Structure formats: structure tokens, C-alpha cells
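Chain by chain, the residues:
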Amino acid sequence: MKASINTNDWVLPLRAIFSYLCSHFQIKFRSPLMANRYKEFKHLNLPAIEKEVLQRWERENAFKKSIEVREGAEPFVFYEGPPSANGMPGIHHVISRTLKDLVCRYKTMQGYKVQRKGGWDTHGLPIELGVEKELGITKEDIGKKISVAEYNQKCREAVLRYKDKWDDLTTKMGYWVDLEHPYVTFTNEYIETLWWCLKELYNKGLLYKSVSIQPYSPAAGTGLSSHELNQPGTYRNVKDTSAVAMFKAVKSGRSQFLFDAAGDDEVFFLAWTTTPWTLPSNLGLTVGPNIDYVLVKTFNPYTHLPVNVVLAKSLVNRYFKPEGENGDLEEYSPDQKLLPWKILTEFKGKELEGLEYERLLPYEANSLEAIQAITPDAQPFRVLLGDFVTTEDGTGIVHTAPAFGADDYKVGKKYNIGILTLVDREGKFVDGLGEFSRRFIKDYKNEPDYVDVNVDISVKLKKENRAFKVEKYEHSYPHCWRTDKPVVYYPLDAWFIKTTAKRERMVELNKTINWKPESTGTGRFGNWLENMVDWNLSRSRYWGTPLPIWRTEDGSEEKCIGSIEELNAEIKKASQVLGGDVNTHYLHDGILDLHKPYVDEVILVSESGKPMKREPDLIDVWFDSGAMPYAQWHFPFENKEIFQENFPADFIAEGVDQTRGWFYTLHALGVMLFDSVAYKTCVSNGLVLDKNGNKMSKRLGNVVDPFQTIEKFGADATRWYLITNASPWDNLKFDLEGIKEVQRKFFGTLYNTYQFFALYANVDRFSFKEAYIPLEERPEIDRWILSSLQTLIKKVTAAFNDYEPTQAGRLIEDFVDEHLSNWYVRLCRRRFWKGEYEQDKIAAYQTLYECLETVVRLMAPISPFFSDELFINLNAVTQKHKEESVHHILFPTPKEEYIDILLEERMGLAQDASSLILSLRKKANIKVRQPLQKALIPVLNPLMEQQLHKVEDLITAEVNIKELEYLSDTEGFIKKKIKPNFGALGKKLGPLMKAVNTALSNFSQHEISLFEKEGRYSIPVGNDEFVDLALSEVEISSEDIPGWTVASKGPLTVALDINITPELIQEGDAREFVNRIQKIRKDSGFDVTDRIEVKVAANNGISSSLAKYNDYICAEILADKLELTSNIDEGTEIEVNDNPLKVIVLKKG
RNA sequence: AGAUCCGUAGCUCAGCCUGGUUAGAGCACUACACUGAUAAUGUAGGGGUCACCAGUUCAAAUCUGGUCGGGUCUACCA
């Protein structure tokens, strides 16, 4: 502080010389740091201001400097979740980035060093699919129509396609993040760290290969991980053709009891499926061992043939109407609607175990020979027992196709029924299935004339007396997050990370993370961890991080590579051991690109000297982003110290949809690699919906373009709106009207306040060069606003510290609007433009300046542009800070000694009293310009009188009355009301409260005043019991002053003397006249300091009013002369209190 | 089906944690004022079964349980 004051001493004369030179030699030059006038605006144009500020930031390297100025300071670590730049950014990106930015800016202002490395997610399905669409190819064409090398080159070119748009948005929205040195996930360095991570996991035994039934997207040609399946929007309600198929039981010793009951007719097991395409692969039927089943005699509703069917007892009424029970089976005719039916027998599921049935759809491909060719000894087509069977849907008998369901696979393995996968990886039936061969099981190719094979299968079953019910069934079914096509469950070889082995630790460490809101962490994320399954890493694609594992052909030996150096050494070794052409391309320079196809060309050698090939899989892109804490620094190959300093993150923030995505992969890798959390605080923001609460989608056309929004309303207004409208984690209904409101109400008010300050400070040449006037020498209102300001600083700081920016923003808004603009400035206006430049005026300037500067610093994290503009404009004149941006200085700290609770309280009284008096004026229809004599305020105690007395001048000036009169406690004059102080009495009285309340409400005026005098009172509550009340346990308020019209709010009551004496009328005339002249001054475009002369022709009572108040009028309107004449020809016609006048207003000089 | 968030004025939201007696604000609407800050402001008015039901309590928008509606997420539902 001291240094800057010293600086001022010599800067001021220099500045004078400088400006003299500039004006005389007409040098057009505006130093950003120096000015002798506060910049005044013509209009509030936020977008234009922002453009200027952006240019300045760029010119001055403001972002870089904001980190440099904290060199050596304690770091605050932030991780940027990498966006994928192959799509356009949307408005929902603006909210999470605003959140990230404001926290980082705030922490910088708190003195931390906050590095923010940007990043790009560049691998994976979205990019590949985009490229395929562009080239008009499918996955099968890769390696045929286009080489893998060329394909990957195309991907590499496509990944940063919209980088410019993203950078543009980042810049324009004021998001400070390092775009010059971002981490890019496809670089060798990045991949090398990923390999290092994988090898660490491998060495810990956490990486393994296994066959399992996994979600698989035929359209995308790859398996999906559980968290990919858990992206929003993947589960969708779809209508599928479902079928209840009839599996014909084979007669045997064990099934005899069924045939006995059925009178030796055919017996069928009913099994339901929503995926009829799995029926040809059926190898078993699973029943619940303890579920009750029944054999029902009835007719097939399609073929009308008599049948006997088995299904769960509790599901009988799902298929049969009660009226049909025991109906006449003999008389059934095909045209009757009601199916007659009859339960023949009942039994437990376990009695069905091992019963055989006939193949439903016999073809070459699902013959016993074909099955046993894959699984020797397999014994398919039997009834199995499984615990997973429920009776909530279907028939209680589960059609089991081991290839297409995890449960099916498990139970099938147990009973050794074999496995048939009669659908290939493209999603079409294999050969050997008759008319269904090579047909797609779902419309994966967007064929215009696609015919649903599921329908055809169902029709076939119907015709063959093998379907009992076929209908459209609506259920939620997972879809591939990129292709939007339905996923199937499919047996795949895959590499897994054994996340389940670390579940306990992950759960434990999760409890140390500060989640905003808490429920995301405990609920959504916590549940996810509890139910976690192993992480399926494998992807059968081309553009991604290759799995660095090489294996011998028989799988007996394998090697996991953890660095480029290691790979190059192994390359050489293999070449030497294996000889021939092995790895010849890679011997000289080593490997130059870690992607396909190059890594696949590399052959390594096993310990026993056998060649090893790379496992063909790529890894899940989510591993890329989850490993960014390490890979962004190329750890451990470089930057070890930087990494140590930047792990774990203090703070991350993304949309809540990342809970199972990035939040999870970061956490999982942090725990598994370093036994640490990866982030200490995680803020998850909600979705951005349109103004009607619908999700934004291109299809509905309700998306909001962030560029247009910022261009039109400015980034600051947009940011402020996004942050203050709702808590970040609540869903936001985005409405442009809301931004307009913010712009008008908050920014408009702040702008007006600044503008007002600048206008008069420029007139008076206020530059804060005078000594700081001690608080005790400033008037009441200054001390009040400064006290409120400190309270504001405290609350805003607390809110920001608690990651509650919404609270912070709303507090600032309220202060600027309610306190600063609508009370302080309004009441102090005259201090700025009246009188000489002396102590009181300087105090006013200093106070308003301090408020403005502080507010600007408080709001800077949320509103970086406008705050910086105002800061620079203020500081350019006063030079109080040597920093050149608000984002380089420190956040304000509250001056506790400025806080005066009593003062804030009595100002509240003044505001209430003024408001009440204005409302009384309104009731009596007397305008504020008409002075009134007095207002009466009953005071309940000495403190209240004292308090009011101190703000008396403010009230009288504000509501234009001559005096306040206090009515002290004279019995009979003020009517008082008493009621219990519920809060205080509740605990003490409990059930007696009602009685006391009744007693108090029946108090007479006399009893109330007795109570007040004594300070206590004993109240009878029946049965000779009494309750002793203290004065603090009741609330006494004045309710009425007999004979007066009153208004009250809480304990405050006001009466207004509405007698208007002739003298008051004259004064009112004078004030009205001043108002008219001021309007003329303004309309004529006079400067606020111009002196004028006025001639008035008044032929009525007004002239005497004007004569009487001549001096007052002249002072107000800056007139040197007010001349009253009887008549003038020209002049402006005005009206003063219904009297017409003519005036001529002339500027002097 | 389960988890979670939400439901307060026409709209956007406070208040709920810690129960207290007229449930607030802004926007919008209407009328009247004020103003040398003017795309601002004040006063007044209309507008609420605090989603519903039950419980706890002297007292419930607030605490508890349930129901309904909406969002998001989960699930190996054949």
C-alpha cells in the first residue's frame, strides 16, 4: 500500500505533463494504466466492451500473467476434462466451463497459483464413425478399400476439426485455460504414459483376459464397456416384437407325470422373449427351482389346436381370462374369442430339471452335431434350474441362449448345454439357418426396405403351432451411444481391469471427496461403486490407444510393454533372436507411431524364444481421459516434480453425466495406481434444458447457439445468468429472457452507478489523491454502506469457498441493487453535485469508489470482462493498484472493524420508515415533491428512539418532511399489541403455549403497560397455575395511533401529518418549478455545470411562491438570475401544480 | 423395479438444514408517483389449498412415512 501512495506523489505531476503534451501535440494515445478522467460510456454495450477487453487481455498476456504473478505461491490444482473437438460446442458447455473458470479465477484471487492445462480427447468411436460417414465407408471396408494407415491418418486430421470453434468459444466466453500447451491424447507421449499405466496394472495382476458376454454394438463393430452403456440416452423405450414360444416336451421317464396329466397329448413349455432372433440359438430353458408351475389344457389362439402348456402359476392370469377357466373344452370353436382353459396339475420348478424338449427351429446350424462340434459332450435342449428366474414378466420359463445373455452363459456353462452364436459380428444370421440365413437381426444398415426378421420368425412360429402369443412389447433397451442402434449381448474375448478387486478402497476413498452436490457422490457415484463390475478395456477398432500386450500364438506366454524404450529394445531383441525380416522396418529409428497398423507389424519374442503378436485390441477411450493426471505431464518419463505438485486435483467440474464416465475413470485409476483420490472436490452440474424443460436436441430444434448468445448479450450476462439463476447442479431451464433480465437489472444498475460516479468524479477531478478519510469522520450513511460492504465480502467469500457460486452471485446482485444503487446513491446524489469539493464530498467519493472497486473484485470470478473494464477505468485514474487487471489482484478481505450491526439495523429502520411514509403519501394522494410537516413514530424503547434519531435526517430528506416526532410510551395515546415470542417460548412452555397465546391476545392496554413497567408478568393458565413471562419472551408492537392513519411493518409504526399549510404549498410550488427547469436544462442539452438565467411570466399565485423561494430555486438550478415579469411572448410553456407559466431559460456565456 | 434430485404466484427462484403464527423476491400485468443515474427506481394492486395423504408437535412449506407427477441415473429382465 505504502509503495503505491509514494508512487502517486510523483506520478501525478508526470501525468499532468503527459496529458498536456498529448493535447497540445494531438497525440492519440490512451495508456491503459493512466488517465486523468474516468472513462464514461454512452450506452451499456456488453458485447462491445468484451471485445475490447479481450484485445487487451491478448495484448497484455493477461492470462499468462495471472499465473506468473503467483509464482512460488501455493498451487491450487485443477484438471480440465478433455472435450472432443470433432463436434460443435453447445450452450451446455458454457455452464460447466463457466463453473470451472470462476473457481480458478477465484482461487487465483485468493493467492493461489492455478495452472490450467487444456486438453483434447482425440481417440475413439465418435471420430471413427465421423470419418466413415465422410468417406462413405463402413467398418468392413477398412483394410480393404482403404488401408488402416490411411484411415488413421484421416482420423488424425478429423479430430481437431472444430478446434477453432472450440478455441473461439473458449476465448469469447472468457474461459482462461492454456490452449497453447494442451495435452492431446493421440500423441506418442500421451500414449506412452497410458502404456506405463497399463503395465503398472498388469504388474499388479489387475489386467486379465477373458471370454464373457458383453454388450456389443454390431453397428459400431465393437464391444462396449458398462460405463459406455451408461451414457445418458442409451436406454430407450422401444417397441419390439415379443413372442411366447412353445417348446415341445420330449416324453421320457422323468416327464411322464406331465404326459399323464395331459392324457398323453402334446406338452409344451412356454418361454417368452423380446428378442426372437435369439431363438435359433436356444439351447436350454431355465426355471426357478422353487417357483410353482402349472400344466394348463387349452387351445393355441392362432392355430386353434388343443395344447397343454407349462408356465408359472402366478402368471396364468397374464395369458388366460378368469372367465375361461374350466370352460367347455369340447365345444371350443376357432371363431370364439374366449379361450377355455383348465389347470391339469401343479408342481415346483425343480421337478422339471433335466427334462428334454425338441428344437424349436431346427436347422443345419443348430443341429446336435453342429453344437458338439464346438462343445464336445454338450447336452443341449434341456430344462435347467436358475436363481435368476422371476415371475414378474413372461412365463416363468426363460429361453436360454448362452451366447446372448450373461445369465444364460453362466447357467449354460453349469449344465454344459454348449454355446451357439448364430449371429455374426455384423449383426446378421450365419449360413445354415434356411430362409433366415444372412438376414440382419436389426436394421443395422439403415436399409430402406428392411423387413424385421423377428416378425418373420414369429410368423413362422405361429404357423407351426409354436407360438402362443406374439405382440409388440415396449421396454427399455440399451442402444449404442454413438450409432443409436440397439446393442446386443455377445460373447467376446476381452481384456479387463479388475476394478472389483479395489472396490472397497474406492468406496472408502470416495468418502473423502467433497462432492457438490453431496448426493452425486453418495448416491449416484456411491451406488455405482458398490455395484461395479470389471472394466472391459477392449475395443475392436482402429483409431485408439493400442493395448501394449504381445502374446504367443498358444497364449502361454505374454509380455506387457510399458514404454517406447522398452518396446524398441524388445524389437531389436526379437529381430536378433528370430532373424529373417522380423521388425526390419523398426530397427533403425525404432517405432515412430504407436498407433495401428505399425504396432501390429511388430513381432516380439517370448522367454522361450517363440514369436509373439500384439493382442489386436485397442483400449477404451475413457482410459485415455481417466489417465490424464499422469499422461498430461508425460509422467513418469518427464515432469516428475510437476506431477507431484499437481496430483491429486483440488477441484474438477463436469456435467453430472460424467459421473460414470470421467469421474469414475479418474477415480478408478487414481485408486488403482496411486492408492489415492484423483480429485478432492468434484462439482457436477446439471443439464441445460430449454425454457420449457425439455432436453435440447437438434431434432427438436431447441438448441441454443452459444456463439449467438454471447454475441448478442455478452459472455458476462450469459455467465451471470447461468450461475445465478439456479444452483449449478439443478437442471437449468435456459431462457434468453433471463439473460436480458440479468443484463438490465444487474449490469444496468452497476453501469448506472459507475456512470454516475464517473460523471461527477470527472467534474470534481476526484482521483483519490486525498488522504483516506477515517471512518469516524464520515457521515452515517457512508459508514453504513461500508459496513454492509464488509458483511458482503464475508458472505461472498464463504459462498465461494463452499463452491456455492449461485449464492455468491445473488448476494452481490442484492447489494448492488438494494443497498448501493437504491439507497446509498439515491440518498447521496446531492452530495456529489452540490457544494464545494470538501470533506463531505470527498468522503462520498471515497466511499462510493471503495464500494465500486470492491464489488468489481467480488464479481470478477463470475463476470470477468465487465469487472475488469470497470476496474481498469477506476484504477487508471487513482492508480491504487499497480496490477493491470482485476484478475491479478487479491480478493477483498473484510475489515471487521467497519462492521456495525446497530448501524445496519437502524438503516433498515430508516428504509422501512421511508417506505411506510411513502405508502401513506400514496394513500393520501400527496406527491413526494409536496413537503409535509411531520411524521409520528411511536417508540417502544429508548434504544429504538436513539436508533431512529441517528437516521432522522435521511428519512426526512427521502420523504420530504420537515420533522420526525417520537411518541414515547404515554398510555392511551398509542395502542399496543402483544403476542408471544414463539421462538423463545416454545421450548419453555410446550403444550401451555396455546393458553398463553390466548391470554396475551386478551390483554388490555393497561395490562400491556403494566407488563412493560414491571418487566415480567404472571399469566394464569388454569388450575391455579401461573406462567412467569419476561419481557424478552413477548413481542410488543404499536398497532395504532387513534385519530391518525398509520402504516406498520414489524415493530415500526408510522403516522403522517397530512395537513398542507399555505406555506407548505408555496414550498411545493418552488420544488415543482425547480423540477420543470431541470427538465428544460436537460432537454436543451446543457452541461451539468452550465450557469443559466431564467425569465418567468407568472400571472397567478405561483409568482409569490417563486419570489419567496428565489434563493433556493437559483441554487438548485444553477441560475444567476430568476426574473419575474408579467408577460413574455416566446418561452416554454410549463405547468406548476396546475398553473400555466411561460419561461425562458438561457445559458450564460 | 431400484437409486437420486425436484414439485412454493402465470414464469424464474428464496425460505426447509436449526419447526414459531400475515410464506418472500424478481420478471410479467395494472395504476399512481419519483428522478440532473433514466434501457433505472418507488408505492399500491391482483395472483399461493407451499403437489397430495397421513403422522410427530402447543405449532409443519420446514421433521417422519407414504402416494402422485417430472427429470436424471441404474438393472444380466429373458
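Since this is a predicted model, take the numbers as computed values, not measurements.

Reading the values: the criteria
Residues numbered from 1 in each chain as written. Chains lettered and ligands numbered in written order. Predicted model: local features only at pLDDT ≥ 70, side-chain atom pairs only at ≥ 80, totals over all residues. Heavy atoms only, no water. Helix = DSSP H or I, 4+ residues; strand = E, 2+ residues; numbered from the N terminus. Rg over C-alpha atoms; globule rule 2.2 N^0.38 Å. Buried < 20%, exposed > 50% of the residue type's maximum accessible area, 1.4 Å probe, protein only. Contact = heavy atoms within 4.5 Å. Areas by Shrake-Rupley, 256 points an atom, 1.4 Å probe, with all protein chains shown as cover. Salt bridge = Lys/Arg side-chain N within 4 Å of Asp/Glu carboxyl O. Axes fitted to C-alpha atoms, helices over the stretch in contact; angles between N-to-C directions. Parallel < 35°, antiparallel > 145°, perpendicular 65-115°, else oblique. Left-handed = near helix turned anticlockwise from the far one by under 90°. Pairing = 2+ DSSP bridges. Phe/Tyr/Trp six-rings, centres within 6.5 Å; stacked < 30°, edge-to-face > 60°. Nonpolar A, V, L, I, M, F, W, Y, C, P; charged D, E, K, R; others polar. Core = buried A, V, L, I, M, F, W, Y, C linked by side-chain atoms within 4.5 Å. pLDDT = per-residue confidence, 0-100. Arc of directions from axis to C-beta. Disulfide = S-S within 2.5 Å.

**A short note on the overall build of chain A**
Here's step 1: The number of helices and strands found in chain A is 38 helices and 38 strands.
Here's step 2: For 1149 residues, the compact-globule estimate of 2.2 N^0.38 gives 32 Å, and chain A exceeds it by more than 25% at 42 Å.
Here's step 3: When its C-alpha atoms are laid out on the principal axes, chain A stretches across 125 × 90 × 65 Å.
Here's step 4: For chain A, the residues scored as buried account for 55% of the 1149 residues in total.
Here's step 5: Within chain A, contacts between residues separated by at least 24 positions form 77% of all contacts whose residues are at least 6 apart in sequence.
Here's step 6: As presented, chain A carries roughly 50,800 Å² of accessible surface, and 49% of it is formed by carbon and sulfur atoms.

**Quick notes on the pattern of salt bridges**
Here's step 1: Considering all chains together, one arrives at 69 salt bridges under this definition.
Here's step 2: Glu570 serves as the salt-bridge partner of Lys559, at 3.4 Å between the closest nitrogen and oxygen. With a gap of 11 residues between them, Lys559 in strand β19 (residues 558-560) and Glu570 in helix α17 (residues 564-578) connect regions that are remote in the sequence.
Here's step 3: Of the residues examined, Glu570 reaches a relative accessible area of 11% and is grouped as buried.
Here's step 4: Between Asp600 and Lys596 there is a salt bridge, and its shortest N-O distance comes to 2.9 Å.
Here's step 5: Its relative accessible area of 30% is what places Asp600 among the partly exposed residues.
Here's step 6: Residues joined by salt bridges that share partners form a network here, namely Glu80, Arg97, Lys100 and Glu654.

**Thoughts on the packing of helix α15 (residues 503-510) against helix α22 (residues 662-674)**
Here's step 1: Here α15 crosses α22 at 110°, and the two axes come no closer than 10 Å. On the basis of the axis angle, α15 is roughly perpendicular to α22. As α15 runs across α22, the sense of the crossing is right-handed. Counting all contacts with α15, which are made through Arg505, Met506, Leu509 and Asn510, the residues of α22 involved are His667, Ala668, Val671 and Met672.

**A look at the sheet that holds strand β18 (residues 549-552)**
Here's step 1: Strand order in the open sheet formed by four strands is β19-β18-β21-β20, and the pairing between neighbours is antiparallel. Looking at the sheet topology across the chains shown, the edges are occupied by β19 and β20 (604-605).
Here's step 2: The pairing of β18 with strand β21 (residues 611-614) spans three bridges and is classified as antiparallel. What sits directly across from Arg551, in β21, is Lys613.

**Here's the deal with the packing of aromatic side chains**
Here's step 1: Overall, the coordinates contain 64 aromatic pairs when judged by the stated rule.
Here's step 2: Judged by centre distance (6.0 Å) and plane angle (80°), the ring pair of Tyr357 and Phe381 falls under edge-to-face. With Tyr357 in the loop between β10 (342-348) and α12 (368-374) and Phe381 in the loop between α12 and β11 (382-385), the pair connects residues that are 24 residues apart, well separated along the chain.
Here's step 3: Accessibility expressed as a relative area gives 4% for Tyr357, which makes it buried.
Here's step 4: For Phe381, a relative accessible area of 11% translates into the label buried.
Here's step 5: Arranged with centres 4.3 Å apart and planes meeting at 15°, the rings of Trp720 and Phe746 form a pair that is stacked.

**Observations regarding the sheet that holds strand β37 (residues 1132-1136)**
Strand pairing in a sheet relies on backbone hydrogen bonds, with the paired strands running either antiparallel or parallel.
Here's step 1: Taken together, four strands build an open sheet; the order of strands is β36-β35-β38-β37 and the sheet is mixed. Every other strand in the sheet has two partners, leaving β36 (1119-1125) and β37 as the edge strands with one partner each. For this sheet, the mean inter-axis angle between neighbouring strands, taken without regard to orientation, is 30°.
Here's step 2: Pairing between strand β35 (residues 1092-1097) and β36: six bridges, direction parallel.

**As for unusual backbone geometry**
Here's step 1: The step from Lys596 to Pro597 runs through a cis peptide bond, and the omega angle for that step is 0°.
Here's step 2: Along the polypeptide, Pro597 turns up in the loop between α17 and α18 (598-601).
Here's step 3: In the segment running from Phe647 into Pro648, the intervening peptide bond is cis, with an omega of -10°.
Here's step 4: Counting through the fold element by element, Pro648 comes out in the loop between α21 (640-645) and β23 (649-655).
Here's step 5: With a phi close to 50°, Asn416 is a non-glycine residue in the positive phi region.

**Observations regarding the environment of Ser915**
Here's step 1: Assignment of secondary structure puts Ser915 in helix α30 (residues 901-924).
Here's step 2: Since its relative accessible area comes to 44%, Ser915 is described here as partly exposed.
Here's step 3: It is 9.5 Å that separates the C-alpha atoms of Ser915 and Ile955, two residues lying 40 residues apart in sequence.

**Observations concerning the pairing of β35**
Here's step 1: In the sheet, β35 pairs with strand β38 (residues 1139-1147) via six bridges, with the strands oriented antiparallel. Within β38, the residue paired with Ala1097 across the bridge is Lys1142.

**Some thoughts on the packing of helix α16 (residues 518-530) against α22**
Here's step 1: Put simply, α16 and α22 touch, their axes get as near as 11 Å, and they point 55° apart. Relative to α22, α16 is oriented oblique. Regarding α16 and α22, the two cross each other, and that crossing is right-handed. For the pair formed by α16 and α22, the contact residues are Phe525, Trp528 and Leu529 on the first element and Phe663, Tyr664 and His667 on the second.
Here's step 2: Tallied by class, the residues present in the contact of α16 with α22 amount to five nonpolar, one polar and no charged.

**Some details on the nonpolar core**
Here's step 1: Ranked by internal contacts, the top residues of the largest apolar core, which has 134 residues, are Tyr38, Phe757 and Tyr824.
Here's step 2: No other element matches helix α25 (residues 736-764), which puts 12 residues into this core.
Here's step 3: Excluding residues within four positions of it along the chain, Tyr38 makes contact with Tyr754, Phe757, Ala758, Ala761, Asn762, Phe766, Ser767, Tyr849, Asn873, Leu874, Val877 and Thr878.
Here's step 4: Judged by nonpolar contacts, the second largest core, of 68 residues, contains Leu201, Ile497, Leu529 and Met672.

**Examining the confidence of the model for chain A**
Here's step 1: Summarising the model, chain A shows a mean pLDDT of 84, and 94% of its residues fall at 70 or more.
Here's step 2: Taken as a whole, residues 1-32 scores under 50 in pLDDT and shows 22 contacts with residues more than four places along the chain or in a different chain.
Here's step 3: For this predicted complex, the interface confidence reaches an ipTM of 0.83, while the overall pTM sits at 0.79.

**Observations concerning helix α38 (residues 1110-1117)**
Here's step 1: All of the buried residues along α38 are Ile1113, Cys1114, Glu1116 and Ile1117. One side of α38 carries all its buried residues, which in axial view fall inside an arc of 165°.
Here's step 2: On its buried face, α38 is in contact with α27 (805-833), α36 (1062-1083), β35, α37 (1102-1108) and β36.

**Description of the state of the cysteines**
Here's step 1: This structure, assessed with the given rule, holds zero disulfides.
Here's step 2: With no disulfide of its own, Cys197 has Cys560 as its nearest cysteine by sulfur position, at a separation of 11 Å.
Here's step 3: Free cysteine Cys682: the closest other cysteine sulfur is in Cys104, separated by 14 Å.

**Describing helix α5 (residues 125-135)**
Here's step 1: Looking only at α5, the buried set comprises Leu125, Pro126, Ile127, Glu128, Leu129, Val131 and Glu132.
Here's step 2: As for α5, its buried residues are in contact with α6 (148-158) and β4 (222-223).
Here's step 3: Looking at the residues trailing α5, positive phi occurs at Gly136, about 70°.

**Notes on the environment of Ala574**
Here's step 1: You can see Ala574 is positioned in helix α17.
Here's step 2: Judged by its relative accessible area of 0%, Ala574 falls in the buried class.
Here's step 3: Taking the C-alpha atoms as reference, Ala574 lies 44 Å from Ile652; in sequence the two are 78 residues apart.
Here's step 4: With near-sequence residues (within four places) excluded, Ala574 lies in contact with Gly579, Val582, Asn583, Ile603, Leu604 and Val605.

**Points about the environment of Val1054**
Here's step 1: The residue Val1054 is located in strand β34 (residues 1052-1056) in this model.
Here's step 2: Excluding anything up to four places from it in sequence, Val1054 contacts Ala913, Leu916, Ile917, Leu920, Ala935, Leu936, Ile937, Thr1045, Val1046 and Ala1047.

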